[in-house]
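Summary of structural features
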Amino acid sequence: MRIPIRRARRGRRRAALLAVGAMAGGLLLTAPQQATAGPPNLLTNPGFETAGAPGSDMPSCWSKSGWGNNDFTFTTVADAHSGTKAMRVALTRRVDGDRKALVTENTACAPAAVPGKQYDLSTWYKSTTPDVSVTVFRREATTGAWQYWTDLQNPPVSAGWARTEVRTPVVPPNTDKIAWGLSVYGVGTLTTDDYAMEEVGTTPPAPTCTGTPEQCAKGKWEVIPAKNPTRSMHAVVLKNGKVLLIAGSGNDIAQFNAGTFTSAVYDPANGSFKTIPTPVDMFCAGHVQLSDGRVLVMSGNKGYPSADGTIGYQGLKDSYVFDPATEKYTRTNDMNGGHWYPSATVLGNGDVISFGGLKEDSTGNVTAEKFSAAQHKWLPMGEVNQTWSYWGLYPSMILMQDGRLFYSGSHTFGNGTPGTGASVYNYDANTITDVPGLRNKDQRDESASVLLPPAQDQRVLTIGGGNNETNPAANRLTDIIDLKKPSPAYTAGPDLPQGLVDQGAGKRPQTGAEGKMYVSAVLLPDGKVLETGGALHDRADPVFEASFFDPATNTYQPGLATDPVPRTYHSASFLMPDGRVMSVGDNPGNGTYNHNVSIYTPPYLFKGPRPQITSVIDTQWVYGDTQRITVNRAIAKAELIRPAAVTHSSDPNQRFVDLPLTVVNGTTVDLNVTSNPNLAPPGWYMLFAVDANGVPSIAQWVHLGGAPALAAFSGEQQPAPHEHTFADKLGPAKKNPAKRDSAPVSPKIAGCDRHYGTATLCVPTVFPAEVKNTPKARCDWLAAHKYPQRMKVNGSDPLRLDPDRNGFACG
């Protein structure tokens, strides 16, 4: 294998290399040399030596490319690394955008690429700006259309000739050619020469099944001996690998009335649970990881609905931070209002923005809230841009690569927001623009939305859902949107696979259009999405089914092993640092709670030995940096996965960030970190190394953040975020509502008729369509779903469940 000479690392990375001894110092100080012979170069005219066609001012097979408001020049110069020519691109003024010399996107010049293969891209360069990126485009084989693929690396400033090399991700299906070049997106000059593109030819050994054939194909679930001690509604994977499970009152009005609020910390190292004192009722709060690894928990439950149903749930203003080191909550300042079921999205600067939920008086909260990372407090309302829009309950707000927010159309209760069901919110411009294509937008209660792997692809998957107000059978819909498009729109994906459903009379196969709500979607280190759990109706009828969604092919792999425990309302599934998935919770309408905990071992852990990350030189990572790790054997890819903070099928901060790699030798690998914090907001991440068969290592924890303290000492400049003009041809923005205090919300927003039993019970306002509109049929349904045999009637009897008028439903 070729061993390229590596470039100097910037900032803290450089200091870490110096600290490891003479060998690392030698790597830094050795002058660049020619690489040893390797596979054939697939590029035409890699050194700009062949002139272009008559009248062209660009060398053959090279084109001027770029976008934005900037002043630039392209010049063929004699200051070459080898031969007589090189290419210089200069930006003398920049507002936005970039410029690049790009391999010409045509059949004659662009090299062929094979789906499933990887390629090493390299060039020699000089630069006066750190704002340089290796940018790659791909051609769709079926249509011949070219499109942006990804940014791979930020080469550092170099006054003399230096060589940079980086490996592409696996070429996606339906790709036949790629084109690439170095983008300049800051004021300065970049000179390049001697480009190369070489196919990575090593064929990995076939995996060996280490389990039963069924385990190797479907994975395995097991229910651990220990029980979850809380009625947890929320799950957060902490930076130390433990799991915070938050219950508050646990949707139990008796606990609320007693002032008993709980959390627990699960330690997977020994399988133990530790109960944590909890200051307020954090039932149905919002939560998000702060950049330092602490957990911001906002709002919660100030009060349960009244017995007659005239008052709904009420939100708290309270806000707390949970510290994994002390395992204690400390209070921050209050939010500007209550937000029962708020969103929580971390931004590229570490701030947190929150929308929606119910106020203290059960009306809909229309104010945006922002938590300042620098000031460590919620900002006054007047310091936060306001559209006075009501976003609903747990609206899924996903951070885009340019800092805007994408509302996916997933939410928890209600019929979504007026319009198409999905939209882009531009905080700086304070505008909301609808995005089309989401099917059945008013049946997306408890659907799941995830930013598909890798985050650089900017595609969002939305799965299933229902409607707790009308209570139809949950749907099978899968919709996908590519936010790199100029005018992005959801397109239909494959239907969700079907499984077995238990409607109170034993399991039966799902039929027709039956899908599920309360679905969990988990990003896995092999780049697939596990969807698991769910129910056919609101808080009832669990579905036993699990599948993998493959973003590379937009297909599901059905028929995986299924969690033996029902996972419906108030359940959660999430990735653990060891690559397994943990599932907790189930809180059906009859008020019970399932304390069993399940662990899923995916098939990739039955494919033989795992790769190991044997060293990480520096765990404090900087945007645009290159970080060196060692592994015990060859790997195909590496990524950062943000730890889960999930509730009610919602974790809008979940993301998988690709780390393009450069192989120094078989076991020493350099990982290239994005310069864009909107792709990977600051914080602690799980670093996985994955082999060619998709088998992941156990994760190492690394922290990604801003410029290091040693940057000034090293004299290195830090690259700026490389953002793109995706979604730049949206339709007209909607007119924002006038300033208002709140939005009206029905006390029945939760889909429960409160005239029966306690507030912990949820007798459906609307029964499933197959239940006849008679007292007997409804009472039979309630009995089959294990509701209490006698539920006190609170006032009137709108569902006619007390025909003998003895004051008890179905008594």
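To be clear, the structure that these remarks concern was listed above.
What comes next concerns the included structure. These numbers come from a predicted model, not from an experiment. Counting restarts for each chain: residues are numbered from 1 in the order of the written sequence. Only residues with pLDDT of 70 or above have their local features reported here, since the model is predicted, and side-chain atom pairs are shown and tallied only from 80 upward, although totals for entire chains, interfaces and linings are computed over all residues. To get the side-chain values, all heavy atoms of the structure are used, and hydrogens and water are removed first.

Scanning the protein chain from N- to C-terminus turns up 6 helices and 58 strands. For a compact globule the rule gives 2.2 Å times the number of residues to the power 0.38, and the radius of gyration it is set against comes from C-alpha atoms. Relative to its length of 811 residues, the protein chain is compact, with a C-alpha radius of gyration of 28 Å against a globular reference of 28 Å. Taking the principal axes of the C-alpha coordinates as reference, the protein chain spans close to 100 × 60 × 50 Å. Buried means the residue's accessible area, taken with a 1.4 Å probe over protein chains only, is under 20% of the maximum for its type, while exposed means over 50%, and partly exposed covers the values in between. Counting across all 811 residues of the protein chain, residues that qualify as buried make up 61%. A fraction of 65% describes how many contacts in the protein chain between residues 6 or more apart in sequence connect residues 24 or more apart. Here the protein chain has roughly 28,000 Å² of accessible surface; of this, 55% comes from carbon and sulfur atoms. Segments assigned H or I by DSSP are reported as helices when at least four residues long, segments assigned E as strands when at least two residues long, and all are numbered from the N terminus. Contacts are assigned to residue pairs with any non-hydrogen atoms lying within 4.5 Å of each other. In these tables, accessible area is a Shrake-Rupley quantity obtained with a 1.4 Å probe, and a residue counts as shielded only by the protein chains included in the view.

For the purposes of this analysis, a disulfide is any pair of cysteine sulfur atoms at a distance within 2.5 Å. Overall, the coordinates contain 4 disulfides when judged by the stated rule. Between the sulfur atoms of Cys61 and its disulfide partner Cys109 the distance amounts to 2.1 Å. Looking along the S-S bond of the Cys61-Cys109 disulfide, the torsion reads about -75 degrees, which is the left-handed sense. Within this pair, whereas Cys61 is found in the loop between helix 2 (22–29) and strand 1 (62–67), its partner Cys109 is found in the loop between strand 4 (98–103) and strand 5 (119–127), the two being separated by 48 residues in sequence. The pair formed by Cys61 and Cys109 is uniform in burial state, with each residue classed as buried. Numbered by position along the chain, the disulfide-linked cysteines of the protein chain connect as 1-2, 3-4, 5-6, 7-8.

As a further point, take the environment of Gly338. Summarising the element assignment, Gly338 is placed in the loop between strand 21 (328–331) and strand 22 (345–346). By relative accessible area, Gly338 is classed as buried at 0%. Those residues in contact with Gly338 that sit more than four places away from it in its chain are Ser299, Gly315, Leu316, Lys317, Leu358, Lys359, Glu360 and Asn365.

Here we come to the sheet that holds strand 1. Paired through their backbone hydrogen bonds, the strands of a sheet run either parallel or antiparallel. The antiparallel open sheet is built from 5 strands, whose spatial order is 1-4-9-6-7. If you trace the sheet from one side to the other, it starts and ends with strand 1 and strand 7 (146–153), each paired once. Averaged over all neighbouring strand pairs, the angle between strand axes comes to 30 degrees, with direction disregarded. Note: two strands are recorded as paired if DSSP finds a minimum of 2 bridges between them. Relative to strand 7, strand 6 (residues 132–140) runs antiparallel, the two sharing 6 bridges. When the sheet's bridge partners are listed, Phe137 is paired in strand 7 with Tyr148. Fitting a line to C-alpha atoms yields each axis, with helices limited to the stretch in contact; the angle taken between N-to-C directions then spans 0 to 180 degrees.

Moving on to the sheet that holds strand 3 (residues 86–94). Across the sheet, which stays open at both edges, the 5 strands sit in the order 2-3-10-5-8 with antiparallel pairing between neighbours. Only two strands of the sheet have a single neighbouring strand rather than two, namely strand 2 (70–77) and strand 8 (158–167). For this sheet, the mean angle separating the axes of adjacent strands, direction not counted, is 25 degrees. Relative to strand 10 (residues 188–199), strand 3 is paired through 5 bridges, and the arrangement is antiparallel. From the neighbouring strand, Ala90 faces strand 10, where its bridge partner is Thr189.

A separate point is the nonpolar core. Nonpolar cores are built from buried Ala, Val, Leu, Ile, Met, Phe, Trp, Tyr and Cys residues. Side-chain atoms within 4.5 Å join them into one set. If you look at the biggest cluster of nonpolar residues, it comprises 50 residues, and the most contacted ones within it are Leu530, Phe574 and Met582. For Phe574, the residues in contact, after removing those within four places along its chain, are Ala235, Val237, Val243, Val522, Arg580, Val581, Met582, Val584, Ala644 and Val646. In terms of nonpolar packing, the next biggest core, distinct from the first, is built from 37 residues, Val460, Ala638, Val657 and Val669 among them.

The subject of this paragraph is the packing of aromatic side chains. By convention, a stacked pair of Phe, Tyr or Trp rings (six-membered ring in the case of Trp) has centres within 6.5 Å and planes under 30 degrees apart, an edge-to-face pair has planes over 60 apart, and any other such pair is tilted. Per the counting criterion, the structure on display carries 32 aromatic pairs. For the ring pair Phe137 and Tyr148, a centre distance of 6.0 Å and an interplane angle of 85 degrees mean the geometry is edge-to-face. Of this pair, Phe137 sits in strand 6 while Tyr148 sits in strand 7, placing them 11 residues apart in sequence. Overall, Phe137 belongs to the buried group, its relative accessible area being 14%. Residue class for Tyr148 comes out buried when judged on its relative accessible area of 13%. When the centroid spacing of 4.1 Å and the interplanar angle of 50 degrees are considered together, the rings of Trp340 and Tyr341 count as tilted.

Among all residues save glycine, negative phi is the norm, and among peptide bonds the norm is trans. In this structure, the amide linkage connecting Pro453 to the following residue, Pro454, adopts the cis form with an omega of -15 degrees. Following the sequence through the fold, Pro454 ends up in the loop between strand 30 (448–451) and strand 31 (459–463). Notably, Ser299 is not glycine yet its phi reads approximately 65 degrees, a positive angle. Mapped onto the fold, Ser299 is located in the loop between strand 17 (295–298) and strand 18 (301–303).

With that settled, the discussion passes to the pairing of strand 13 (residues 243–248). Of all the 6 residues making up strand 13, 6 are buried; the element is thus mostly covered by neighbouring parts of the structure. With 4 bridges joining them, strand 12 (residues 234–237) and strand 13 adopt antiparallel strand pairing. Considered in strand 13, the bridge of Val237 is made with Val243. Remark: 5 residues form the turn of the hairpin made by strand 12 and strand 13, two consecutive strands paired antiparallel; Gly241 in that turn has positive phi of roughly 90 degrees. By the bridge criterion, 5 bridges tie strand 13 to strand 14 (residues 262–267) in an arrangement that is antiparallel. Looking at the pairing, Leu245 lines up with Ala264 of strand 14.

Take the side chain of Glu140 next. Residue placement: Glu140 occurs in strand 6. With no salt bridge to any partner, buried Glu140 finds its closest opposite charge in Arg138, at an N-O distance of 4.4 Å. Other than its neighbours up to four places away in sequence, Glu140 contacts Ala145, Gln147, Asn174 and Asp176. His residues and chain termini do not enter the charge count, which takes Lys and Arg as positive and Asp and Glu as negative. Just to be clear on terms, a salt bridge is a Lys or Arg side-chain nitrogen sitting within 4 Å of an Asp or Glu carboxyl oxygen.

This next bit is on helix 6 (residues 775–784). Within the sequence span of helix 6, burial applies to Ala777, Arg778, Cys779, Trp781 and Leu782. Residues of helix 6 that are buried in the fold lie against strand 39 (540–544), strand 56 (763–764) and strand 57 (791–792). With its phi angle positive at about 65 degrees, Lys786 sits one or two positions after the end of helix 6.

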